[in-house]
There are 2 protein chains.
Amino acid sequence: MFVWGVMAQLYYHPFCPHSRFIRIVMAEYGMEPEMIEERIFERRQEFLMLNPANTTPVLTDGQMVSAIVGANVIAEYLDETRGLALGARRLMPEDPAGRVEVRRLLEWFNSKFFAEVTQWLLQEKVFKRQMRSDQGGGAPDMELVRAARQNIRYHLRYIGWLVQSRNWLAGDTMTYADLAAAAHLSSVDFLGDVPWGEDEAAKHWYARVKSRPSFRAILSDRLPGITPSPEYADLDF
Amino acid sequence: MFVWGVMAQLYYHPFCPHSRFIRIVMAEYGMEPEMIEERIFERRQEFLMLNPANTTPVLTDGQMVSAIVGANVIAEYLDETRGLALGARRLMPEDPAGRVEVRRLLEWFNSKFFAEVTQWLLQEKVFKRQMRSDQGGGAPDMELVRAARQNIRYHLRYIGWLVQSRNWLAGDTMTYADLAAAAHLSSVDFLGDVPWGEDEAAKHWYARVKSRPSFRAILSDRLPGITPSPEYADLDF
């Protein structure tokens, strides 16, 4: 018997929000891939062969010729190959209008939120600690950190606005959109940079996503030299 | 009778590569949307209601409640709702592995190539001309232009490498990947910034895509004050 979960390998970084999104997604599908930590700033030759764009996450499943590269591409692939098995818990709606909205929000969080918030906070506060100085490591640029902390407030209000008119971010059921948004927020929350007090609706929505069993693994991530914020793993924060 | 093509409206900018991709795609589907030119730096309130991310393209089709936002989202929607009608000319493969590769390359060109090449050349050489100084307009920053011109050489080699082992970028048939890559190159080619002499395979592939009838409309785009490069609309360049 061929067991997909055993053969699958996920190249990831513990604080890469796109990797976190896929880890949560795979947990929702009941998959337990072999986890391979990748530090993209090391530009490892074998990894570049899998993904010349040198980004995480990358999934290999032992069946396909090439690797499955990038969070959105992996999410679409998993929905196409095992979405139906989730039944009513399927993470992509079946109607075209619902799919349009989920994909719009996937772009919003995985591209826009990343470019305006997650990228800067992680680069300055996490990755620069792991890099040698010749790789670009060093002290955080606090101007970039402050800009990201300013930007996140608008996104938090947008989340709050969406979930006040809907049950979940993209509609009546939980979808990839919720998991992607929560993955990014979890990376930032580890660093203590989410101003939860500013939007009650967003906070309640995050508490709902965070309490899912699929979230457990990322809440136990730890980073040498950085203490997570007190509310990071607290389900009743 | 309800005629989809007549009701559809495409919010676009003539030199936005993501808009160009969707214009070519819609022409492949035989659709003729009403074209609405959007200058995102004007931050028009009505457009922000359609797309709070304030990016082009946006498609409204008269059937859906909300707008269809973003090039990749529109491409997926059109494939889902009218892909089968194209028969053998369908722009997304039907097998999961083929779809993974098309989506990987869509990300490559619509995100990575855009961030490293198209964004800078268009911002500095096109959009800054259209903006008032209080909108960020002014003379181009030639350092950014030079960096983009340097970056494009690697992408051109990557295209050449792909089409030397395959018939089209993602495999045996023409797909969204070819149309997205060619859309970005067409914007840059208008400005004369594609070093075609450096990769014969890439040049021949582009000549094939460019000669499709779906490409005609974008080859006739003109911009006040900028003369297109001599080879821009030449099918035997």
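As the structure is a computational prediction, the values presented were derived from the model and not from experiment.

> So what exactly am I meant to see when it comes to the overall build of chain A here?
A count of helices and strands for chain A gives nine helices and four strands. What you see in chain A, going N to C, is helices and strands ordered as α-β-α-β-α-β-β-α-α-α-α-α-α. For chain A, the spread of C-alpha atoms along the three principal axes comes to 50 × 45 × 30 Å. When burial is assessed residue by residue, chain A has 58% of its 237 residues classed as buried. Excluding contacts between residues fewer than 6 apart, the proportion of contacts in chain A whose partners are at least 24 apart in sequence is 70%. For chain A, the distance from the average site of its 27 positive side-chain charges to the average site of its 31 negative ones is 2 Å.

> Looking at this model, I keep getting lost on the relation of the copies chain A and chain B. Mind explaining?
There are two copies of the chain, and a rotation about an axis plus a shift along that axis relates them. At an RMSD of 0.0 Å, chain A and chain B line up after a rotation of 180° and a shift of 0.0 Å along the axis. Such a turn and shift between the copies fits a two-fold axis. Residue serine 111 of chain A, judged by its C-alpha, is the member of chain A lying nearest the rotation axis, at 4.4 Å.

> Please explain the sheet that holds strand β1 (residues 9-12) of chain A as it appears in this structure.
In sheet architecture, strand pairing relies on hydrogen bonds along the backbone and comes in two forms, parallel and antiparallel. Residue and element names in this part refer to chain A. Read from one edge to the other, the open sheet built from four strands follows the order β2-β1-β3-β4, with strand pairing classed as mixed. Both edges of this open sheet fall to β2 (34-37) and β4 (68-69), since each of them pairs with a single strand only. Sheet analysis places strand β3 (residues 58-60) next to β4, joined by two bridges and oriented antiparallel. Pairing of leucine 59 across the sheet is with isoleucine 68, part of β4. Running at roughly 155° to β1, helix α2 (residues 17-28) makes contact with β1, β2 and β3 of the sheet.

> Looking at this model, I keep getting lost on the interface of chain A and chain B. Mind explaining?
Where interface size is given, it is often the accessible area lost as the parts come together that is meant. Every contact between the two is made by 23 residues of chain A and, on the other side, 23 residues of chain B. Across the pair arginine 103 of chain A and glutamate 80 of chain B runs a salt bridge whose closest N-O atoms are separated by 3.0 Å. At the boundary of chain A and chain B, one finds four residue pairs in polar contact (both at pLDDT 80 or more). At nine residues, the largest contribution of residues to the side of chain A that touches chain B is made by helix α5 (residues 96-130) of chain A.

> Please clarify how the pairing of β2 of chain A should be interpreted in this entry.
Sheet faces and side chains relate simply in a regular strand, where the side chains alternate between the two faces. Alignment of β1 of chain A against β2 of chain A, held across four bridges, turns out to be parallel. Among the inter-strand pairings, tyrosine 11 of chain A is bridged to a residue of β2 of chain A, identified as isoleucine 36 of chain A.

> Help me understand the domain arrangement of chain A, please; the structure alone is not making it clear to me.
Residue and element names in this part refer to chain A. Along its sequence, chain A is carved into domain 1 (4-89) and domain 2 (96-213). With centres defined by C-alpha atoms, the gap from domain 1 to domain 2 works out at 20 Å. Counting residues at the interface gives 21 residues for domain 1, matched by 23 residues for domain 2. Both sides together, the interface formed by domain 1 and domain 2 hides about 2000 Å², and carbon and sulfur atoms give 60% of it.

> Quick question: what am I supposed to make of the sheet that holds strand β4 (residues 68-69) of chain B here?
Strand order across the open sheet formed by four strands is β2-β1-β3-β4 (chain B), with mixed pairing between neighbours. Only two strands of the sheet have a single partner each, and these edge strands are β2 (34-37) and β4 of chain B.

> So what exactly am I meant to see when it comes to the packing of helix α2 (residues 17-28) of chain B against helix α7 (residues 176-190) of chain B here?
Each packed pair of helices is defined by two parameters, the angle between the axes and the distance between the axes. All names here are of chain B. Running from N to C, α2 and α7 cross one another at 130°; their axes reach a closest spacing of 8 Å. Here α7 runs oblique to α2, going by the angle between their axes. Helix-helix and strand crossings are classified by hand; for α2 and α7 the assignment is right-handed. Here Pro17, His18, Arg20, Phe21, Ile24, Val25 and Glu28 of α2 lie close against α7, whose contacting residues are Tyr176, Leu179, Ala180, Ala183, His184, Ser186 and Ser187. Of the residues in the contact of α2 with α7, the class split is eight nonpolar, four polar and two charged.

> Please explain the side chain of serine 214 of chain B as it appears in this structure.
All names here are of chain B. Following the sequence through the fold, serine 214 ends up in the loop between α8 (200-210) and α9 (216-219). Judged by relative accessible area, serine 214 falls into the buried class, the value being 8%. Reaching out from serine 214, the side chain makes a polar contact with the side chain of glutamate 28 at a distance of 2.6 Å. Sequence-distant contacts of serine 214, defined by excluding residues within four places in its chain, comprise Ile24, Ala27 and Glu28.

> Is there a simple way to think about helix α6 (residues 142-165) of chain B in this case?
Residues lying three or four places apart along an α-helix face the same way, a consequence of the helix completing one turn every 3.6 residues. All names here are of chain B. Taking 1.5 Å of rise per residue, 24 residues should cover 34 Å, and α6 covers 36 Å from first to last C-alpha, within 8% of that figure. All of the buried residues along α6 are Val145, Ala148, Ile152, His155, Leu156, Tyr158, Ile159, Gly160, Leu162 and Val163. Against the buried residues of α6 lie α5 (96-130), α7 and α8. Where α6 starts, the residue carrying a side-chain oxygen 3.0 Å from the main-chain nitrogen of glutamate 143 turns out to be aspartate 141.

Reading guide: rules and limits
Residues numbered from 1 in each chain as written. Chains lettered and ligands numbered in written order. Predicted model: local features only at pLDDT ≥ 70, side-chain atom pairs only at ≥ 80, totals over all residues. Heavy atoms only, no water. Helix = DSSP H or I, 4+ residues; strand = E, 2+ residues; numbered from the N terminus. Buried < 20%, exposed > 50% of the residue type's maximum accessible area, 1.4 Å probe, protein only. Contact = heavy atoms within 4.5 Å. Lys, Arg positive; Asp, Glu negative; His and termini not counted. Charge placed at Lys NZ, Arg CZ, Asp CG, Glu CD. Least-squares fit on C-alpha atoms with pLDDT ≥ 70 in both. Pairing = 2+ DSSP bridges. Axes fitted to C-alpha atoms, helices over the stretch in contact; angles between N-to-C directions. Salt bridge = Lys/Arg side-chain N within 4 Å of Asp/Glu carboxyl O. Polar contact = N/O pair within 3.5 Å; in protein donor to acceptor, adjacent residues only side chain to side chain. Domains from an automatic or database assignment. Buried area = accessible area lost by both parts, 1.4 Å probe. Parallel < 35°, antiparallel > 145°, perpendicular 65-115°, else oblique. Left-handed = near helix turned anticlockwise from the far one by under 90°. Nonpolar A, V, L, I, M, F, W, Y, C, P; charged D, E, K, R; others polar. Expected span 1.5 Å × (residues − 1).

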